[in-house]
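Observations on chain architecture
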Amino acid sequence: MRLVLLGPPGAGKGTQADQLVARYGIPRLSTGDMLRAAMAAGTALGERVKDNMVRGELVPDELVVAIVADRIREPDAAKGFILDGFPRNVPQAEALERLLQERGLKLDAVVELKVDETILLNRIQRRILQMTARGEALRPDDNAEVLKQRLAAYRAQTAPLSAHYRRKGLLKIVDGMQPIAAVAAAIVRALAAEPAEGLARKARKSKGKSAVTPRRAKAKRRPAGRSKAKKTKARQGAARTRRRG
Ligand code: ADP
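Residues numbered from 1 in each chain as written. Predicted model: local features only at pLDDT ≥ 70, side-chain atom pairs only at ≥ 80, totals over all residues. Heavy atoms only, no water.

Nonpolar side chains in soluble globular proteins tend to end up buried together. In terms of nonpolar packing, the biggest core is built from 31 residues, with Leu 83, Leu 96, Leu 107, Val 110 and Tyr 165 touching the most fellow members. The set of elements that each furnish at least two residues to this core consists of β1 (2–6), α2 (31–41), α3 (44–55), α4 (61–71), β3 (81–84), α5 (90–102) and α8 (160–167). At six residues, α4 tops the list of elements feeding residues into this core. Dropping the residues within four chain positions of it, Leu 83 is found in contact with Leu 3, Val 4, Leu 5, Leu 29, Val 68 and Leu 96. If you look at the next biggest cluster of nonpolar residues, it comprises 23 residues, including Ala 17, Ile 26, Ala 190 and Leu 191. (Core = buried A, V, L, I, M, F, W, Y, C linked by side-chain atoms within 4.5 Å. Buried < 20%, exposed > 50% of the residue type's maximum accessible area, 1.4 Å probe, protein only. Helix = DSSP H or I, 4+ residues; strand = E, 2+ residues; numbered from the N terminus. Contact = heavy atoms within 4.5 Å.)

Below, the structure written as structure tokens:
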């Protein structure tokens, strides 16, 4: 199964991705984690993305696309994967589609976690305060100002992906404000359900073949069959009348 998790920062994508990893046995590919690891290791890539990341801006598309292209070729991603934090804009989504197409693959679904942004901001600010109080290290982009910037980047560049994937019949929307277990259950239900668009596409396909759906074709054949039987009966009746006469 190849999935994309969509949702603003703090929506719980990481938490839900971990649950899906356990359930489906496929890896979580988080571009945020990969970029942070590059930064921590001080690689050339890390150096290039540092400024964008600490400001809460997106890093250039070609860099993340290259990381994802390498990552999905690794053996553990052969059975599928959960993309978290990628794609983050329409050009990245198109690049992903091309990457998959080249290998004869496609996405199975895109799960969007819907959340209330004000509650989200409060939640993240509380998390930052608690982590600071416990003396835990914060991410360099974990502060209220940068968070606002990350939300703005999400609204402007990532939110349009919702419509993009809806048009492709891949989008599943889940209420991300419920307790963790309820969100996880809703995601599993959404993934098990046949997408409405998928059904519509199947119907269109069979229509193209026979001009009528199989069920309607059957319904149409039935009256024809009956009328033939009626005609035979009528003929036999007429023959009887003639004989009697
Ligand atoms: P968040 O918690 O905001 O969802 P992530 O951990 O996914 O953030 O990413 C942190 C930062 O890494 C982003 O603010 C951005 O600078 C960079 N980043 C991660 N993924 C991408 C991507 N697909 N395209 C561009 N930048 C990215």
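This brings us to unusual backbone geometry. Omega for the bond connecting Phe 86 with Pro 87 falls within 30 degrees of zero, at -5°, which places this linkage in the cis form. Assignment of secondary structure puts Pro 87 in the loop between β3 and α5.

Here we come to the packing of aromatic side chains. Applying the stated criterion across every chain, the model contains zero aromatic pairs. The positively charged end of Arg 23 is found above the aromatic ring belonging to Tyr 24, 6.0 Å away from the centroid. (Phe/Tyr/Trp six-rings, centres within 6.5 Å; stacked < 30°, edge-to-face > 60°. Lys NZ or Arg CZ within 6 Å of the ring centre and 35° of its normal.)

On to the sheet that holds β3, then. Read from one edge of the open sheet, five strands run β2-β3-β1-β4-β5, paired in parallel fashion. The strands lining the two open edges of the sheet, one partner per strand, are β2 (28–30) and β5 (171–175). Across this sheet, the average inter-strand angle for adjacent strands is 25°, counted without regard to direction. (Pairing = 2+ DSSP bridges. Axes fitted to C-alpha atoms, helices over the stretch in contact; angles between N-to-C directions.)

To continue, consider the pattern of salt bridges. Applying the stated rule across the entire model yields 14 salt bridges. In this structure, Lys 50 engages Glu 47 in a salt bridge whose closest nitrogen and oxygen atoms are separated by 3.6 Å. Residue Lys 50 and its partner Glu 47 are located together in helix α3, separated by three residues, close to a single helical turn. Taking relative accessible area as the criterion, Lys 50 reaches 35% and is therefore assigned partly exposed. (Salt bridge = Lys/Arg side-chain N within 4 Å of Asp/Glu carboxyl O.)

Quick look at the site of the ligand now. Surveying the vicinity of the ligand reveals 18 residues, the closest of which are Thr 31, Glu 57, Gly 85, Gln 92 and Arg 150. Side-chain polar atom of Gln 92 to a nitrogen atom of the ligand: 2.9 Å apart, as the coordinates give it. Burial of the ligand by the surrounding chains reaches 95%, relative to a free accessible area of 550 Å². For the ligand, the cavity whose grid points lie within 2 Å of the majority of its atoms is the largest pocket. A class-by-class count of the residues in the shell around the ligand yields seven nonpolar, four polar and seven charged. (Near = heavy atom within 4 Å. Polar contact = N/O pair within 3.5 Å; in protein donor to acceptor, adjacent residues only side chain to side chain. Areas by Shrake-Rupley, 256 points an atom, 1.4 Å probe, with all protein chains shown as cover. 1 Å grid on protein atoms, 1.4 Å probe; cavity = no way out; pocket = protein on both sides within 12 Å on 5 of 7 lines; lining within 4 Å. Sits in = over half its atoms within 2 Å of the grid points. Nonpolar A, V, L, I, M, F, W, Y, C, P; charged D, E, K, R; others polar.)

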